[in-house]
Amino acid sequence: MEENKYCEICGEPGEKHHIVFRGKCAAMINAKINYKYLCGEHHRTGKEAPHNNRQVDIKYKLELQKKLFQMFSNNYYHKTEIAELLEIKPKEVDQFAKTLMWYSEGYKSLDIVIKCMGGGLYAK
Ligand SMILES: [Zn+2]
Ligand SMILES: [Zn+2]
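Attention in this report is confined to the structure presented alongside it. It should be emphasised that the depicted structure is a prediction, and the values quoted were computed from it without experimental measurement. (Residues numbered from 1 in each chain as written. Chains lettered and ligands numbered in written order. Predicted model: local features only at pLDDT ≥ 70, side-chain atom pairs only at ≥ 80, totals over all residues. Heavy atoms only, no water.)

This brings us to the packing of aromatic side chains. Under the defined criterion, the tally for this structure stands at four aromatic pairs. Look at Tyr35 and Tyr37: their rings are 6.1 Å apart centre to centre, the planes differ by 80°, and that puts the pair in the edge-to-face class. According to the relative accessible area criterion, Tyr35 is buried, its value standing at 14%. Take Tyr37: its relative accessible area is 9%, and that puts it in the buried class. Above the face of the Phe21 ring, Lys61 is positioned so that its terminal group lies 4.6 Å from the ring centre. (Phe/Tyr/Trp six-rings, centres within 6.5 Å; stacked < 30°, edge-to-face > 60°. Buried < 20%, exposed > 50% of the residue type's maximum accessible area, 1.4 Å probe, protein only. Lys NZ or Arg CZ within 6 Å of the ring centre and 35° of its normal.)

Below, the structure written as structure tokens:
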């Protein structure tokens, strides 16, 4: 997929916004699903900017959470599948999976999504 470097709201040149921050889940930093391009105003300074507006921040997190639940729609996943779906490196998945409970069938999709979201789910 071609990467769009323009603000998805207004079309001005954009900068990368991470929906779940590095401190919350390091492995999500390189996951495409976790970032979007926004111009300075729509990213940081404007009143619709996620870094300036808690509601917009939550709205983006809810959108991401929904996409993750669609992405991990089976009950269990193995590391290789997680790496493929999130498009991250095996090393990043190793780090990611360290705190996940392993079942004989794999890692539970709910645990994976919670981990991706930084340790908790968001509700409207
Ligand atoms: Zn913009
Ligand atoms: Zn940002």
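The antiparallel open sheet is built from three strands, whose spatial order is 3-5-4. Every other strand in the sheet has two partners, leaving strand 3 (76–77) and strand 4 (102–103) as the edge strands with one partner each. In terms of strand pairing, strand 3 meets strand 5 (residues 106–108) through two bridges, oriented antiparallel. Considered in strand 5, the bridge of Tyr77 is made with Tyr107. (Pairing = 2+ DSSP bridges. Helix = DSSP H or I, 4+ residues; strand = E, 2+ residues; numbered from the N terminus.)

Within this structure, the stated rule accounts for seven salt bridges. For Glu15, the salt bridge identified is with Arg44, shortest N-O distance 2.7 Å. Highlighted residues: Glu15 in strand 1 (residues 15–18) and Arg44 in helix 1 (residues 40–45), separated in sequence by 29 residues. For Arg44, a relative accessible area of 42% gives the class partly exposed. Here Asp57 makes a salt bridge to Lys61, at a shortest N to O gap of 2.9 Å. Of this pair, Asp57 and Lys61 both sit in helix 2 (residues 54–71), four residues apart, which is roughly one turn of the helix. Each member of the pair, Asp57 as well as Lys61, is classed as buried. Connected via shared salt-bridge partners are Glu8, Lys36 and Glu63. (Salt bridge = Lys/Arg side-chain N within 4 Å of Asp/Glu carboxyl O.)

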